[in-house]
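Each chain is listed here by its residues.
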Amino acid sequence: KNLSTNNNYEYIRKIPLLNSSTESLPSKVCSYIEECASLCCPKDIYICDGSDTEYEHLLNFLEKNGTISPLPKYENCYDFNIWLARTNPADVARVEKRTFISTECKRDTIPIPREGVIGELGNWISPGDMDKAILERFPGCMKDRTMYVIPFSMGPVGSPFSKIGIEITDSAYVVCCMRIMTRIGKNILETLGNDDFVKCLHSVGVPKSDSKVEINSSWPCDPERTIILHRPDKNEIVSYGSGYGGNSLLGKKCFALRIGSTIAKNEGWLAEHMLILAITDPKGRKRYITAAFPSACGKTNLAMLKPTLPGYKIECVGDDIAWMRFDQEGRLRAINPENGFFGVAPGTNCITNPNAMKTIFKNTIFTNVAATSDGGVFWEGMEEEISDDVEITDWRGKKWTRGSKTPAAHPNSRFCTPIKECPVIDPGWEDPAGVPIDVIIFGGRRPEGIPLVYQARNWQHGVFIGASMRSEATAAAEHTDKVIMHDPFAMRPFFGYNFGHYLNHWLSMTKVKNAKLPAIFHVNWFRKNADGQYLWPGFGDNSRVLDWILRKIDGENIAVDSTVGLLPKSESFNLENLSKDVNMEELFSLPKSFWEKEVRHLREYFDMQVGDDLPTDIREELELLACNVDKL
Ligand code: SAT
Ligand code: MN
């Protein structure tokens with residue numbers, strides 16, 4: 001059926017379909033396009049084919065519009081230029097408070113917090129209010145703009161793990177980033193046929209006429225009315241007002257985690273906020289590990305780690321999201337549903353992540369980093385990598401001097417780069433069957449009390465450890481203080497359904513036929529001594545922790561049970577040629593007063609936030625821990 005002649009589609013018959021060479025579209029896709037177009041009233045419609053020509057055309061358009069500018073320092077080496085995008089300063093990060101999940105029954109989405117307590121495990125909106133929110137914002141919002149239709153696959157095209165989405169957006173920047181972050185194009189529609197897909201509607205929006213936000217045409221947005229909505233029972237995402245990151249690249253957190261986790265629960269698998277890495281030991285045995293850390297704990301750094309321990313090799317499968325399911329033989333297999341890295345730039349350098357530095361100067365779109373007068377990029381942490389005489393323009397486009405109080409790059413500035421540019425990409429990263437997972441790691445940034453590494457005694461204990469994750473973060477801008485935030489499974493902003501039900505789902509994995517459950521560990525690279533200095537060197541030396549973990553799962557007798565779980569026996573760590581003296585005793589100590597406080601915090605958190613939805617198994621683990629701590 002030719003879209004433009006089909007009588008069922010009244011609206012799209014009236015406006016130009018730009019690349020009408022697209023002869024046939026699945027009818028469900030056509031209906032969705034018609035639905036969105038008649039709501040948003042774009043000037044024309046463009047169906048993305050994912051080609052290089054299309055990408056170049058969009059980049060040109062964005063350049064003319066002032067949204068992106070080329071970075072000539074890196075020119076002519078690669079397929080496409082390297083670009084710098086500057087957003088509206090009011091649109092720089094995900095907006096958690098404006099992110100909602102809609103279900104008939106509130107408790108399907110979030111646990112009911114204790115009376116008078118503000119829930120921290122997601123935001124619920126009724127289906128009626130969601131419709132209302134859409135109708136208050138979307139009618140006519142694409143007037144004078146092109147509506148892009150992006151067919152995309154999360155996961156290798158055609159893999160049994162993979163899921164298809166259609167993102168409809170009025171932002172060419174979003175199309176370009178989606179092309180890097182997911183697999184897009186015509187072949188996706190062929191694979192889709194007339195199956196269902198995840199519906200993803202996005203508009204940068206149009207502010208009300210009395211809006212106080214300064215608007216520039218190079219980065220349209222409507223920060224005052226931004227809203228991100230999910231309807232899991234209809235596999236639908238609707239996002240308005242923001243062009244940035246997780247608000248607009250809907251395949252990422254909205255689809256792969258929030259909608260993904262609900263699909264996963266219904267289908268019996270796991271959609272998690274985890275990196276995936278391959279590690280080969282000196283004997284040549286290769287194993288795969290997934291790891292969940294809250295933001296600012298170095299997930300991307302670990303995913304591409306350059307080991308300091310001789311004989312080890314680490315290869316990257318993904319740095320942010322893992323979709324995992326047990327196969328016929330009972331092995332847990334994982335794919336990375338993404339196709340690119342959308343990584344935080346500040347802090348990345350040749351010491352913290354040499355492999356990222358080799359990845360991100362090819363076919364990349366940077367957003368909100370600083371620019372140098374020789375046509376390159378700069379951010380906090382890159383001081384050693386640029387010469388002293390270049391001038392720096394900050395992320396807002398203003399002249400910036402070294403030592404200035406404001407940062408040159410926005411703290412949430414990003415590189416958006418295809419995974420295939422990574423020099424240590426694992427050859428199995430696109431295996432449609434996924435890679436077999438032997439170890440799951442949880443972790444956090446904990447300055448106090450939490451040992452460098454310990455192992456869960458069993459799966460249930462491991463689920464408790466995931467549920468108990470906390471991490472140091474700089475809270476909102478109004479506080480400058482560091483606080484230890486709860487972030488269970490590093491999923492707090494990404495649960496697609498009730499966290500208590502999520503815990504039950506994890507616990508139910510023990511019932512999967514033949515399941516060979518991966519071993520679960522907790523790590524903390526960030527413990528400090530009384531003087532505030534890190535006790536562990538971190539980065540490449542974290543390979544020593546992975547070495548201990550691998551030897552442990554290989555059956556070496558190197559652990560003892562303790563208050564919190566299985567701790568390394570003394571002398572069981574490989575510290576050969578460690579550049580720095582490490583106080584191992586302090587690094588692994590379990591101070592009683594700290595753990596008493598930790599238990600109190602966890603009990604309060606579970607009581608206040610999860611209440612009756614907390615599974616008894618998790619309650620029991622907490623009581624066991626409390627009992628053990630008493631005996632310290
Ligand atoms: O902006 S994203 O959601 O893609 C990344 C993040 O904030 O974790
Ligand atoms: Mn993330």
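Residues numbered from 1 in each chain as written. Chains lettered and ligands numbered in written order. Predicted model: local features only at pLDDT ≥ 70, side-chain atom pairs only at ≥ 80, totals over all residues. Heavy atoms only, no water.

1. Side note on the overall build of the protein chain
Move 1: Along its length, the protein chain carries 17 helices and 31 strands.
Move 2: In terms of overall dimensions, the protein chain has C-alpha extents of about 75 × 60 × 50 Å along its principal axes.
Move 3: In the protein chain, which comprises 632 residues, the proportion classed as buried is 60%.
Move 4: Only carbon and sulfur atoms are counted for the fraction: they give 48% of the accessible area of the protein chain, which is about 25,500 Å².
Move 5: Once the 73 positive and 83 negative side-chain charges of the protein chain are each reduced to a mean point, those two points are 1 Å apart. (Helix = DSSP H or I, 4+ residues; strand = E, 2+ residues; numbered from the N terminus. Buried < 20%, exposed > 50% of the residue type's maximum accessible area, 1.4 Å probe, protein only. Areas by Shrake-Rupley, 256 points an atom, 1.4 Å probe, with all protein chains shown as cover. Lys, Arg positive; Asp, Glu negative; His and termini not counted. Charge placed at Lys NZ, Arg CZ, Asp CG, Glu CD.)

2. Some details on helix α13 (residues 499–507)
Move 1: Across the 9 residues of α13, 7 count as buried, placing the element largely inside the fold.
Move 2: Structurally, the start of α13 carries an N-cap: the backbone nitrogen of G500 is 2.7 Å from a side-chain oxygen of N498. (Polar contact = N/O pair within 3.5 Å; in protein donor to acceptor, adjacent residues only side chain to side chain.)

3. Remarks on the sheet that holds strand β22 (residues 392–393)
Move 1: Sheet architecture is open: 4 strands sit in the order β21-β20-β22-β23, paired in antiparallel fashion. Every other strand in the sheet has two partners, leaving β21 (377–378) and β23 (399–400) as the edge strands with one partner each.
Move 2: Of the strand pairs in this sheet, β22 and β23 are connected by 2 bridges, and their pairing is antiparallel. Following the sheet pairing, I392 is matched in β23 by W400. (Pairing = 2+ DSSP bridges.)

4. Some words on the packing of aromatic side chains
Move 1: This structure, assessed with the given rule, holds 30 aromatic pairs.
Move 2: Arranged with centres 6.1 Å apart and planes meeting at 55°, the rings of F442 and W506 form a pair that is tilted. Separated by 64 residues along the polypeptide, F442 in strand β25 (residues 435–443) and W506 in helix α13 bring together distant segments of the chain.
Move 3: Given a relative accessible area of 0%, W506 falls into the buried group. (Phe/Tyr/Trp six-rings, centres within 6.5 Å; stacked < 30°, edge-to-face > 60°.)

5. Some details on the pairing of strand β29 (residues 519–523)
Move 1: In terms of burial, β29 is largely enclosed, as 5 of its 5 residues are buried.
Move 2: Neither face of β29 is open: one carries A519, F521 and V523, the other I520 and H522, and all of them are buried.
Move 3: Note that β25 and β29 share 5 bridges and pair parallel. Considered in β29, the bridge of F442 is made with H522.
Move 4: One ladder, built from 3 bridges, connects strand β26 (residues 453–455) with β29; its direction is antiparallel. Bridge assignment links Q455 to a residue of β29, and that residue is F521.

6. Side note on the site of ligand 1
Move 1: Around ligand 1, the structure places R94, G245, G246, K252, K253, F342 and R414.
Move 2: In the environment of ligand 1, an oxygen atom lies 2.8 Å from a nitrogen or oxygen atom belonging to the backbone of G246.
Move 3: In this structure, R414 approaches ligand 1 through a side-chain N or O atom, which is 3.4 Å from an oxygen atom.
Move 4: Elements supplying a minimum of two residues to the shell around ligand 1: α8 (245–248) and α9 (251–267).
Move 5: When grouped by side-chain class, the residues that make up the shell around ligand 1 number 1 nonpolar, 2 polar and 4 charged. (Near = heavy atom within 4 Å. Nonpolar A, V, L, I, M, F, W, Y, C, P; charged D, E, K, R; others polar.)

7. Here we look at the environment of V344
Move 1: By the secondary structure assignment, V344 is in strand β18 (residues 340–344).
Move 2: Expressed as a C-alpha distance, the spacing of V344 and E571, which sit 227 residues apart in the sequence, is 36 Å.
Move 3: When near neighbours in sequence (up to four residues on either side) are disregarded, V344 contacts P411, N412, S413, R414 and F415. (Contact = heavy atoms within 4.5 Å.)

8. Focus: the coordination of the manganese ion (ligand 2)
Move 1: At this site the manganese ion (ligand 2) is bound by K253 (NZ), H273 (NE2) and D320 (OD), with donor distances of 2.1 to 2.2 Å.
Move 2: Counting gaps between the donor residues of the manganese ion (ligand 2) yields the pattern K-x19-H-x46-D. Here D320 lies in the loop between β15 (313–318) and β16 (322–326) and H273 lies in the loop between β12 (270–272) and β13 (275–280), a separation of 47 residues in the sequence. (Donors = N, O, S within 2.8 Å, 3.2 Å for Na, K, Ca; no water.)

9. Points about the pattern of salt bridges
Move 1: Inspection of the entire model under this criterion finds 37 salt bridges.
Move 2: Residue E96 is joined to R94 by a salt bridge in which the shortest nitrogen-to-oxygen separation is 3.4 Å.
Move 3: R285 is paired through a salt bridge with D554; the nearest N and O atoms lie 3.2 Å apart. Placement of the pair is R285 in the loop between β13 and β14 (286–292) and D554 in the loop between α14 (542–553) and β30 (559–561), with a sequence separation of 269 residues.
Move 4: Given a relative accessible area of 43%, R285 falls into the partly exposed group.
Move 5: D554 sits in the partly exposed class, given a relative accessible area of 37%.
Move 6: One network of salt bridges, with partners in common, ties together K252, K253, K299, D320 and E338. (Salt bridge = Lys/Arg side-chain N within 4 Å of Asp/Glu carboxyl O.)

10. As for the confidence of the model for the protein chain
Move 1: Looking at the protein chain as a whole, the pLDDT averages 95, with 97% of positions reaching at least 70.
Move 2: Across residues 1–5, where pLDDT falls below 50, the model places 15 contacts with residues more than four positions away in sequence or in other chains. (pLDDT = per-residue confidence, 0-100.)

11. Some details on unusual backbone geometry
Move 1: For A296, which is not glycine, the phi torsion reads 70° and is therefore positive.
Move 2: Looking at the secondary structure, you find A296 in the loop between β14 and α10 (299–303).
Move 3: In this structure, N577 takes a positive phi of about 55° despite not being glycine.
Move 4: If you trace the backbone, N577 turns up in the loop between β31 (566–568) and α15 (584–588).

12. Some words on a negative patch on the surface
Move 1: There is a patch of like negative charges on the surface, built from E383, E384, D388 and D389.
Move 2: Locating D388 in the fold gives a position in the loop between β21 and β22.
Move 3: Here D388 falls in the exposed class, since its relative accessible area comes to 68%. (Patch = residues over 30% accessible without salt bridge, like charges linked within 9 Å, V, L, I, M, F, W, Y side chains within 5 Å.)

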